[in-house]
Amino acid sequence: MRFGRKEEKQEPTHEELMGLIQEMEDENVGPSRAEGDEAGSSRRPESAGEERNILREVISFLVYAAVIFGCTFLIIMFVAQRTSVSGHSMNDTLQDGDQLILEKVSYRFRDPARFDIVVFRYTHAKNMFYIKRIIGLPGETVQIVGDDIYIDGEVLEEDYGLEPMQDPKLAAEPITLGEDEYFVLGDNRNQSSDSRDPSVANVKRSQIVGRAWLRIWPLDRLGFVSHR
């Protein structure tokens with residue numbers, strides 16, 4: 001029987017083992033890196049899209065805020081605004097603390113009328129407004145004798161005064177109104193600073209802001225303001 005030489009099994013060298021380990025690591029790491037690269041390339045467009053969406057939302061909000069501000073400004077300037085009654089000069093028609101909506105539209109189409117309750121600027125103080133009732137119209141002559149109001153020499157039929165007038169002041173003598181002037185009185189005439197008073201005097205058309213329209217407070221007196 002012949003016996004061949006037994007082949008000796010050669011052990012891999014250290015360099016071969018390290019090379020094999022490196023190849024295995026490269027095979028495992030390579031795909032994950034590729035996946036990472038794909039994920040990274042997909043995140044960049046998403047981030048850009050998110051930035052565009054945020055910018056769009058910011059612009060939309062700014063446009064919305066500008067529209068709201070513009071509408072509010074137009075309403076306050078040309079349509080209506082809230083005002084508060086301070087003092088007792090218009091008792092009993094209006095009370096101290098009443099909250100009113102003032103409308104500004106009607107006087108763009110017509111002139112203020114007799115007995116309208118109007119808000120006007122007080123010329124001797126900044127940001128101060130008075131609320132009174134129109135009694136005399138442009139071109140008329142007004143005079144107060146006792147408790148009677150005379151318009152162009154005839155007694156004015158009205159009953160808005162809370163009580164008989166005690167002091168006509170300037171109106172004790174005839175007052176002729178200019179082409180754009182109005183004579184106003186408070187309904188509580190003995191506690192009212194109005195056209196009888198030199199500090200107020202005749203009210204010019206340009207001073208009138210608007211007409212009392214709606215009382216919104218207190219709730220138990222909620223309703224439209226009666227002018228007649």
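Residues numbered from 1 in each chain as written. Predicted model: local features only at pLDDT ≥ 70, side-chain atom pairs only at ≥ 80, totals over all residues. Heavy atoms only, no water.

Draft legend 1. The arrangement of the overall build of the protein in detail. If you tally the helices and strands in the protein, you get 1 helix and 12 strands. When the helices and strands of the protein are read in sequence order from the N terminus, they spell out α-β-β-β-β-β-β-β-β-β-β-β-β. Counting all 228 residues of the protein, 32% fall into the buried class. Pairs at least 24 apart in sequence give 62% of the contacts found in the protein among residues at least 6 apart. Summed over all atoms, the accessible surface of the protein reaches about 15,500 Å², with 55% contributed by carbon and sulfur. (Helix = DSSP H or I, 4+ residues; strand = E, 2+ residues; numbered from the N terminus. Buried < 20%, exposed > 50% of the residue type's maximum accessible area, 1.4 Å probe, protein only. Contact = heavy atoms within 4.5 Å. Areas by Shrake-Rupley, 256 points an atom, 1.4 Å probe, with all protein chains shown as cover.)

Draft legend 2. Broad picture of the pattern of salt bridges. Within this structure, the stated rule accounts for 9 salt bridges. Put simply, Arg133 and Asp187 hold a salt bridge, and the shortest N to O gap is 2.8 Å. A residue pair is termed long-range when its members are at least 10 positions apart, and Arg133 in strand β4 (residues 129-136) and Asp187 in the loop between β9 (181-185) and β10 (203-204) qualify at 54 residues. Classification of Arg133 as buried rests on a relative accessible area of 1%. (Salt bridge = Lys/Arg side-chain N within 4 Å of Asp/Glu carboxyl O.)

Draft legend 3. Structural context of unusual backbone geometry. Cis rather than trans, the peptide bond between Asn91 and Asp92 has omega equal to 0°. Structurally, Asp92 is set in the loop between β1 (80-84) and β2 (99-103). The backbone of Phe115 sits at a positive phi, close to 80°, despite the residue not being glycine. Secondary-structure assignment places Phe115 in the loop between β2 and β3 (117-121). Taking the relative accessible area as the measure of exposure, Phe115 reaches 12% and is therefore buried. With phi around 55°, Ala201 is a residue other than glycine that occupies positive phi space. Structurally, Ala201 can be placed in the loop between β9 and β10. When its relative accessible area of 24% is taken as the criterion, Ala201 is described as partly exposed.

Draft legend 4. View of the pairing of β3. The buried fraction of β3 is high, at 4 of 5 residues. Here β3 pairs with β4 via 5 bridges, running antiparallel. Within the sheet, the bridge partner assigned to Ile117 lies in β4 and is Arg133. (Pairing = 2+ DSSP bridges.)

Draft legend 5. Inspection of the sheet that holds strand β5 (residues 141-145) at higher detail. As summarised here, the arrangement of the 4 strands in space is β7-β6-β5-β8, forming an open sheet in which the pairing is antiparallel. With one partner strand each, in any of the chains shown, β7 (154-155) and β8 (175-176) form the two edges of the open sheet. When β5 meets strand β6 (residues 148-151), the two strands line up antiparallel, connected through 4 bridges. Paired with Gln143 across the bridge in β6 is Tyr150.

Draft legend 6. Structural view of a nonpolar patch on the surface. Taken together, the side chains of Ile54, Val58, Phe61 and Leu62 define a hydrophobic patch exposed on the protein surface, amounting to about 420 Å² of accessible area. If you trace the backbone, Val58 turns up in helix α1 (residues 14-79). (Patch = residues over 30% accessible without salt bridge, like charges linked within 9 Å, V, L, I, M, F, W, Y side chains within 5 Å.)

These figures come from the coordinates and say nothing about function on their own.
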